[in-house]
Amino acid sequence: MKKQQKPPGKAAKFVAGFILVFVAVYALTVSVNRALKSSDYFRIREVITNDRLAHDFSYLVGRNIFELNLQREARFIAASFPTYKKIRLIRIFPDQLFVDFVKRKPLACVKLGRYWYVDEESVFWGGEDRPLTPALPVITGLEGRIAVYQQGRRYSDAALQASLSLLKEIRANRAFSGYTVSRVSPRDNNTLSFFVVPYTRQPAAGAPGDPEGVEIKINREGLKEKLYILAQMLAQLKSRSANIEYIDLRFKDPVIKFRK
């Protein structure tokens with residue numbers, strides 16, 4: 001007597017059903033994707049930007065908004081605009097593209113024959129014959145160490161890094177909110193000289209003291225703690241700051257040199 005064949009189990013039916021559903025969904029996805037990419041409704045009609053300068057993005061007009069590789073296009077645009085920290089492309093359906101320019105924020109100017117902006121990531125741009133922004137500190141003494149031949153490039157010179165680290169620490173310290181740094185001059189990779197000026201003092205011809213402010217000599221070891229000590233000293237010596245030639249924080253005990 002022949003054995004009766006067992007009907008397919010529940011597991012087999014589930015697998016077969018899953019495969020059919022997967023194939024149907026995949027076919028539908030491919031079909032919808034093709035329809036979207038071939039439809040004139042989704043072709044880019046306008047490119048909007050948050051930058052006031054007239055940038056020509058006409059080469060993007062007419063392209064399908066779904067086919068556009070946003071990251072690749074953003075990298076392509078960024079290569080032409082080194083003064084921007086980041087560029088993002090955002091789709092605005094159905095037919096617009098928004099180009100978001102995120103500007104770099106300069107931390108200082110670097111004098112290398114010409115004046116260059118530099119941000120906290122050590123990226124250079126600008127290159128003018130005069131100071132770009134009077135309110136920014138000017139970093140000097142790096143001639144022969146850095147040769148800027150490409151805007152938007154990051155430079156990793158140790159003396160530059162020391163100068164930027166100093167400026168970032170000062171900016172983060174609330175005790176220096178009443179002061180501005182006029183100049184930073186690295187003596188080597190570890191030792192720095194910089195000048196602080198109270199915001200209330202307006203340098204004028206014939207005024208006592210150095211119009212650049214009080215010179216501070218410091219090194220990188222224990223920088224945060226030394227800046228805290230400096231802030232306390234400046235607060236105590238505020239009325240006599242115009243008569244101070246320099247404050248030296250490179251040793252165990254601070255040294256104050258007054259003008260004669």
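The structure we're discussing is the one just above.
Residues numbered from 1 in each chain as written. Predicted model: local features only at pLDDT ≥ 70, side-chain atom pairs only at ≥ 80, totals over all residues. Heavy atoms only, no water.

Student: Report on the overall build of the protein chain, specifying residues and quantitative values.
Tutor: Check the secondary structure of the protein chain and you find four helices and 12 strands. Surface summary for the protein chain: the accessible area is close to 16,600 Å², and the carbon and sulfur share equals 55%. (Helix = DSSP H or I, 4+ residues; strand = E, 2+ residues; numbered from the N terminus. Areas by Shrake-Rupley, 256 points an atom, 1.4 Å probe, with all protein chains shown as cover.)

Student: Tell me about the packing of aromatic side chains, residues and numbers included.
Tutor: To describe a pair of aromatic rings, one takes the distance between the centres and the angle between the planes. A complete count under the given rule lists 10 aromatic pairs for this structure. Seen from their ring centres, Tyr117 and Trp125 are 5.4 Å apart, and the 35° between their planes marks the pair as tilted. The same class applies to Tyr117 and to Trp125, which are both buried. Against the face of Tyr246 rests Lys217, its NZ or CZ located 3.9 Å from the ring centre. (Phe/Tyr/Trp six-rings, centres within 6.5 Å; stacked < 30°, edge-to-face > 60°. Buried < 20%, exposed > 50% of the residue type's maximum accessible area, 1.4 Å probe, protein only. Lys NZ or Arg CZ within 6 Å of the ring centre and 35° of its normal.)

Student: Now, about the sheet that holds strand β8 (residues 179-186): what can you tell me, with residues and values included?
Tutor: Read across the open sheet, the nine strands follow the order β6-β5-β4-β7-β8-β9-β10-β11-β12; overall the sheet is mixed. Either end of the sheet is taken by a strand with one partner, and the two such strands are β6 (124-128) and β12 (255-258). Note that strand β4 (residues 108-112) and strand β5 (residues 114-118) share five bridges and pair antiparallel. Bridge assignment links Lys111 to a residue of β5, and that residue is Tyr115. Together, β4, β5, β6, β7 (138-139), β8 and β9 (191-198) form the strand contacts of helix α3 (residues 158-172), whose direction differs from that of β8 by roughly 165°. (Pairing = 2+ DSSP bridges. Contact = heavy atoms within 4.5 Å. Axes fitted to C-alpha atoms, helices over the stretch in contact; angles between N-to-C directions.)

Student: Residue-level account of the sheet that holds strand β3 (residues 96-103), with values.
Tutor: Backbone hydrogen bonds hold the strands of a sheet together, and the pairing may be parallel or antiparallel. Across the sheet, three strands lie side by side as β1-β3-β2; this open sheet has mixed pairing. Edge strands, defined here as strands with exactly one partner in the open sheet, are β1 (46-49) and β2 (84-92). Between one strand axis and the next, the sheet turns by 20° as a mean value, whatever way the strands run. Bridge count between β2 and β3: eight bridges; the pairing is antiparallel. Residue Ile90 lies in a different strand from β3, and its bridge partner there is Phe98.

Student: So what's going on with unusual backbone geometry? Which residues, and what values?
Tutor: The residue after Phe93, namely Pro94, is reached through a cis peptide bond having omega 10°. Mapped onto the elements of the fold, Pro94 is located in the loop between β2 and β3. One non-glycine residue with positive phi stands out, namely Ser122, at about 70°. Mapped onto the elements, Ser122 comes out in the loop between β5 and β6. Look at Ser122 and you get buried, because its relative accessible area is 3%.

Student: Outline the pairing of β5, listing residues and values.
Tutor: Most of β5 sits out of view: four of its five residues are buried. Between the antiparallel neighbours β4 and β5 lie one residue, among them Gly113 with a positive phi of about 80°. As defined by bridge partners, β5 adjoins β6 across four bridges and the pair is classed as antiparallel. If you follow Tyr117 over to β6, its bridge partner there is Trp125. Between β5 and β6, which pair antiparallel and follow one another directly, the connecting turn spans five residues, one of which, Ser122, has a positive phi of 70°.

Student: Describe the nonpolar core, naming the residues involved and giving the relevant values.
Tutor: Core analysis: the biggest nonpolar cluster contains 39 residues, and Phe124, Ile139, Leu160, Phe194, Leu227, Leu230 and Ile247 have the highest contact counts within it. The biggest single contributor to this core is α3, with seven residues. The residues contacting Leu230, other than those within four sequence positions of it, are Phe176, Phe194, Ile216, Ile247 and Leu249. Formed by 16 residues, the second largest nonpolar core is a distinct cluster that contains Phe57, Leu68, Leu70 and Ala74. (Core = buried A, V, L, I, M, F, W, Y, C linked by side-chain atoms within 4.5 Å.)

Student: Which residues make up the pairing of β4, and what values do they have?
Tutor: In terms of burial, β4 is a largely internal element, four of the five residues being buried. Sheet topology note: the β4/β7 ladder contains two bridges and is parallel. Bridge pairing in β7 links Val110 to Ile139.

Student: Quick one: what's the story with the side chain of Ser185, residue by residue and with numbers?
Tutor: Relative to the helices and strands, Ser185 resides in strand β8. Looking at Ser185, its side chain comes within polar contact range of the side chain of Thr140, at 2.7 Å. Within polar-contact distance, the side chain of Ser185 engages the side chain of Arg183 at 2.7 Å. If we skip the residues at most four places from it in the chain, Ser185 touches Thr140, Leu192 and Ser193. (Polar contact = N/O pair within 3.5 Å; in protein donor to acceptor, adjacent residues only side chain to side chain.)

Student: Tell me about helix α2 (residues 70-80), residues and numbers included.
Tutor: Along α2, the residues that are buried comprise Leu70, Glu73, Ala74 and Ile77. Considered in projection along α2, the buried side chains sweep an arc of 100° and stay on one side of the axis. Facing away from the buried side of α2, by more than 90 degrees, are the exposed residues Gln71, Arg75, Phe76 and Ala79. The inward-facing, buried residues of α2 abut β2 and β3. Its side-chain oxygen placed 3.4 Å from the backbone nitrogen of Gln71, Asn69 serves as the N-cap of α2. (Arc of directions from axis to C-beta.)

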